[in-house]
Amino acid sequence: MFLSLTTIFFFVGMAIAATGVLGLVVFLNNPRSSTSRAFFLFAFITLVWDTVIFLNHYVYVSEIAFFLMRLAIFIAVWHAFSLFHLLYVFPLESIRYPRWYFWALVPAMIITSFLNLTPLVLQEIGEVSSEGHIVRIINGPGIALFILAALGLIFSALCILWRKSNQAEGVVKRQFHAILTGLMITFSLLIVFHFALPSLFDDPRFLPFSAFFFFPFLLSGFYAILRHNLLNSKMLSAQIVVLLVTVITFFEVFLSSDILTFIVRVVIFALVLTSGI
């Protein structure tokens, strides 16, 4: 392994903490806003998806790992939908949805996501390594539907944001451009390191870092907030402090020299994270 497990835990934990804190700050800043709720939904699904992917990479029981793979692509559909939903409503305070949104799109996502839990998408385990890792999966005919749904939603979301950014003016236009840049970098990293390398070159080393690949989007959000007043500046300052303290306490957990110190630091980390929320 090119990095130690402790280092991987640190980077993944930092990314997850950053995603969660930013999502909560955006939501708590204006809970009634459609954009705030959509951003929180995207952050929450991102946390769950990243956690499942990380666990799957370090599970050595093939049956459990195979279930986690199915669960990961189940969540991936909703992750793509949450991104589409976020960029569809951004930056509106309230929105009236068209009929097709809940009568066609949402049911299609429900059907597609639950199909991902069946052998129609991931049919069976093809090969298991001597260490217990699944190295080959036999796909079912439904894999095409999953790819079409996920990539279609992501592409549509980016097109929506691009169209809105071109129609906007002044400060709002710069907000859109900053977030569009971050999203394009993030999903480019995911496509290369999370899909292309494992699938085409049989190199899964970067899979645990899926959470870390969302940092460009988080940084673009910070930029939009700092430079273009997307959120209340006082809320932003509090969020930055909470994030830094959370990351520091999380790192200290892995510097524990004994079990008692480890337990104490885990409790401190939980208290810091909870107080930030």
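Throughout, a residue's number is its position along its own chain's written sequence, starting from 1. A pLDDT threshold of at least 70 governs which residues receive local features in this predicted model, and a stricter bar of 80 or more applies before side-chain atom pairs are shown or counted, although totals over entire chains, interfaces and linings include all residues. Side-chain metrics in this entry use all non-hydrogen atoms of the structure; hydrogen atoms and water are not considered.

### Section: helix α4 (residues 99-115)
For step 1, the next point in the chain: For helices the rule is a DSSP run of H or I covering at least 4 residues; for strands it is a run of E covering at least 2, with both sets numbered from the N terminus onward. By this rule, a helix spans an expected 1.5 Å times one less than how many residues it contains. The end-to-end C-alpha distance of α4 is 24 Å, a good match for the 24 Å that 17 residues give at a rise of 1.5 Å each.
For step 2, the next point in the chain: The secondary structure elements touched by the buried residues of α4 are α3 (62-89) and α5 (143-167). In what follows, a contact means two residues having at least one pair of non-hydrogen atoms within 4.5 Å.

### Details of the side chain of T46
For step 1, the next point in the chain: Summarising the element assignment, T46 is placed in helix α2 (residues 34-57).
For step 2, the next point in the chain: Each residue gets one of three labels from its accessible area relative to the maximum for its type: buried under 20%, exposed over 50%, partly exposed in between, using a 1.4 Å probe on protein chains only. Accessibility expressed as a relative area gives 1% for T46, which makes it buried.
For step 3, the next point in the chain: Nitrogen and oxygen atoms within 3.5 Å of one another constitute a polar contact, given that in protein one can donate a hydrogen and the other can accept it, and given that sequence-neighbouring residues count only through two side-chain atoms. Only 2.7 Å separates the side chain of T46 from the backbone oxygen of F42, close enough to count as a polar contact.
For step 4, the next point in the chain: When neighbours within four sequence positions are excluded, T46 is seen to be in contact with T19, H79 and F214.

### Details of the nonpolar core
For step 1, the next point in the chain: To form a nonpolar core, buried Ala, Val, Leu, Ile, Met, Phe, Trp, Tyr and Cys residues must be joined to one another through side-chain atoms within 4.5 Å. With 66 residues, the main nonpolar core has F81, L83, F84, M109, L161 and L183 as its most contacted residues.
For step 2, the next point in the chain: Those elements that provide at least two residues to this core are α1 (5-29), α2, α3, α4, α5, α6 (170-200) and α7 (215-228).
For step 3, the next point in the chain: Those residues in contact with F84, other than ones at most four positions away along the chain, are W100, Y101, L105, L153, S156, A157 and I160.

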